[in-house]
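Summary of the model geometry
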Amino acid sequence: MPYINENFIKIPAAYLFSEITRRVSQYASENPGVDIIRMGIGDVTLPLPDVCVDAMIKAADEQRKVETFRGYGPEQGYGFLRKAIVENDFASLGIEPDEIFVSDGAKSDTGNIGDIFSGDNKVAITDPSYPVYVDTNAMGGRAGEFVNGCWTDLVYLTCNESSQFIPELPAEKVDIVYLCYPNNPTGTTLTKDQLAAWVNYALENRAIILFDAAYEAFITEKDVPHSIYEIAGAKEVAIEFRSYSKTAGFTGTRCGYTVVPKSVRASSENGGRVSLNKLWLRRQTTKFNGVSYVVQRAAEATYSPEGRKQVDELIRYYMGNARVIREALQAIGLNVFGGVNAPYVWAKTPDGMSSWDYFDFLLKKKHIVCTPGVGFGASGEGFVRFSSFGDKNRIAEAVRRMVR
């Protein structure tokens, strides 16, 4: 008789966004005709940039001809895209093409990266945080038991209102740290000095930082680093994740990449130091078949002069929405974070309401969908997240509903 991975059934059954969908669907079915504005899940609404679509059409047309047909591609990504990434995203930072691994998105990679780490590692995760970090470590057996809303073996780096949602260094020694900046869900950022403190911690403790930079393109302030590799020493201790999903609208097209410098190493049982680049290459070539040629040509097109212009227009559009949301929530007296360097606005609920109670209030009284902060961790209780990835006219209508 086959046995299951018991870690899967330890995880609470309802995934955050599945529960949101269930509640919204139930309310909509009970109230047909109600106009619901969705500002919860961070899915984009504007179409792909024209240059990306044109590149996809051209690449697809190549598949008609024997001379230009492409079959299996390299699992780690085509050379043309890896070269474009290095030259445009990491110019002067010393990253090499064979340290880039193209994938179907940052969500997949931040979840799958655990495959190359032992189950014995002590893992630190900011609280609140993107649920994938926690759940995939639970699946991998590194989280322990789920007791009173928390995992017994994870180290939670509490982020709260008094600290402006900036985590403190762990009091105990940890092996792996997940950081996401600009942050999802809070929209907050770290300055270069603040991020340098984490790199120094990792260097001193031989820890690894898993740095999710999926929202770096939304940064507007000068002292906020776009890459952890802007910090001295980071190439020794950090793996970085990037995505075209929110930047260029690839949520349905699926493309991102992970940077694993060859100088990042971890220990084996016999005491040797092993390159994580080699392990991730082995993992990807075994368990991943690569992103399609057509999609990688579309991603490459984002780096062209016209591609950059069109991507910048998308980002300005969504950040304009973020400003509108932020100002509206401040106008009704809520304490607000984010919306300056990130497309998310994080707001404290009024009158001490719980996250889910305020979610239900907005859904049933204002017909607006947000995301309950408690779904991102215990420290998210009493907060909700608003996504700016909507149509600006719908965002404007939502704002009118909230302020009246």
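Given the structure is predicted, the values throughout are model-derived calculations rather than measurements.

What counts, and where the lines are drawn
- Note on numbering: residues in each chain are counted from 1, in written sequence order.
- For a predicted model such as this one, the threshold for reporting local features is a pLDDT of at least 70, and the threshold for listing and counting side-chain atom pairs is 80 or more; totals across whole chains, interfaces and linings nevertheless cover every residue.
- Heavy atoms throughout the structure, all of them, feed into the side-chain values; hydrogens and water do not.
- Runs of E in the DSSP output that reach at least two residues are strands. Runs of H or I that reach at least four are helices, and both are numbered from the N terminus.
- The globule rule used for comparison is 2.2 Å times the number of residues to the exponent 0.38, while the radius of gyration itself is calculated over C-alpha atoms.
- Three labels apply to residues, based on accessible area from a 1.4 Å probe with only protein chains included: buried if under 20% of the type maximum, exposed if over 50%, partly exposed otherwise in between.
- Two distance rules govern patches: like charges are joined within 9 Å, and nonpolar side chains (Val, Leu, Ile, Met, Phe, Trp, Tyr) within 5 Å, applied only to residues with over 30% relative accessible area and no salt bridge.
- Where accessible areas are quoted, they stem from the Shrake-Rupley method and a 1.4 Å probe; at the residue level, only the protein chains shown are allowed to cover.
- The term salt bridge refers to a side-chain nitrogen of Lys or Arg lying within 4 Å of a carboxyl oxygen of Asp or Glu.
- Working convention: axes come from line fits to C-alpha atoms, limited for helices to the stretch in contact. Angles between N-to-C directions cover 0 to 180 degrees.
- Crossing handedness: left-handed means the near helix sits turned counterclockwise from the far one by under a right angle, and right-handed means the same turn made clockwise.
- Any pair of residues with heavy atoms lying within 4.5 Å of one another is described as a contacting pair.
- Any residue that is not Ala, Val, Leu, Ile, Met, Phe, Trp, Tyr, Cys, Pro, Asp, Glu, Lys or Arg is counted as polar, Gly included; the first ten are nonpolar and the last four charged.
- Pairing between strands is defined by DSSP: at least two bridges between them are needed.
- To estimate the expected span of a helix, count its residues, drop one, and scale the result by 1.5 Å.

Once that is clear, we can look at the overall build of the protein. If you tally the helices and strands in the protein, you get 13 helices and 17 strands. Compactness check: the protein gives a C-alpha radius of gyration of 21 Å against a globular reference of 22 Å for 404 residues, within 12% of the reference. Over its C-alpha atoms, taken along the principal directions, the protein stretches across nearly 60 × 55 × 55 Å. Relative to its full complement of 404 residues, the protein shows a buried share of 53%.

Judged by side-chain polarity, Ile4, Phe8, Ile9 and Met139 come together as a nonpolar surface patch covering roughly 390 Å² of accessible area. Tracing the sequence through the fold places Ile4 in the segment before α1 (7–10).

Contact pair helix α3 (residues 50–62) / helix α10 (residues 293–301): the axes reach a minimum separation of 8 Å and the direction vectors enclose 145°. Of the two elements, α3 crosses α10, and the hand of that crossing is right-handed. Note on element contacts: α10 touches α3 through Tyr293, Val294, Arg297, Ala298 and Ala301, opposite Val51, Cys52, Ala55, Met56, Ala59, Ala60 and Glu62. Classifying every residue of the contact of α3 with α10 by side-chain character gives 10 nonpolar, no polar and 2 charged.

Before going further, it helps to spend a moment on the pairing of strand β17 (residues 383–387). Within β17, 5 of the 5 residues are buried, which leaves it mostly tucked inside the rest of the structure. Both strand β16 (residues 371–372) and β17 contribute to a ladder of 2 bridges, which runs antiparallel. Bridge pairing in β17 places Pro372 opposite Val384.

Across the sheet, which stays open at both edges, the 7 strands sit in the order β2-β10-β9-β8-β7-β3-β6 with mixed pairing between neighbours. With partners counted over all chains shown, the strands left at the sheet margins are β2 (100–103) and β6 (155–158), one partner each. Taken over all neighbouring pairs, the strand axes of this sheet differ in orientation by 20° on average, direction set aside. Inspection of the sheet shows strand β8 (residues 208–212) paired to strand β9 (residues 238–243) by 4 bridges, in the parallel sense. Paired with Leu210 across the bridge in β9 is Ile239. Packed onto the sheet, helix α7 (residues 192–205) meets β6, β7 (176–180) and β8 and runs at close to 150° relative to β8.

Spatially, 4 strands are ordered β13-β14-β17-β16 in an open sheet, and the strand pairing comes out antiparallel. The strands lining the two open edges of the sheet, one partner per strand, are β13 (336–338) and β16. Bridging between strand β14 (residues 344–348) and β17 involves 5 bridges; their strand directions are antiparallel. What sits directly across from Tyr344, in β17, is Ser387. Where helix α12 (residues 355–366) meets the sheet, its contacts fall on β16 and β17, and the angle it forms with β17 comes to roughly 45°.

So, about the environment of Gly320. Relative to the helices and strands, Gly320 is located in helix α11 (residues 305–331). As for Gly320 and Lys392, which are separated by 72 residues in sequence, their C-alpha atoms are 8.2 Å apart.

On to the environment of Glu172, then. Note on placement: Glu172 falls in the loop between β6 and β7. A residue is classified by how much of its surface remains accessible, and Glu172, at 42% relative accessible area, is partly exposed. Sequence separation between Glu172 and Lys122 is 50 residues, and the spatial gap between their C-alpha atoms is 9.7 Å. Excluding residues within four positions of it along the chain, Glu172 makes contact with Lys122, Val155 and Tyr201.

This next bit is on unusual backbone geometry. Omega for the bond connecting Tyr181 with Pro182 falls within 30 degrees of zero, at -5°, which places this linkage in the cis form. Here Asn184 and Pro185 are connected by a cis peptide whose omega angle stands at 25°. The residue Pro185 is located in the loop between β7 and α7 in this model. Positive phi is not limited to glycine here, since Gln164 has a value of about 60°.

On to α11. Look at α11: 39 Å from first C-alpha to last across 27 residues, which is about the 39 Å you get at 1.5 Å a residue. By the burial criterion, the buried members of α11 are Gly307, Gln310, Val311, Leu314, Ile315, Tyr318, Met319, Asn321, Ala322, Ile325, Ala328 and Leu329. Two residues or fewer after α11 comes Gly333, characterised by a positive phi angle close to 90°.

Another point: the environment of Leu195. Of note, Leu195 is situated in helix α7. In this structure, the C-alpha to C-alpha distance between Leu195 and Lys65, residues 130 residues apart in sequence, is 49 Å. Beyond its immediate sequence surroundings of up to four residues, Leu195 is in contact with Leu179, Leu190, Phe211, Pro225, Ile228 and Ile231.

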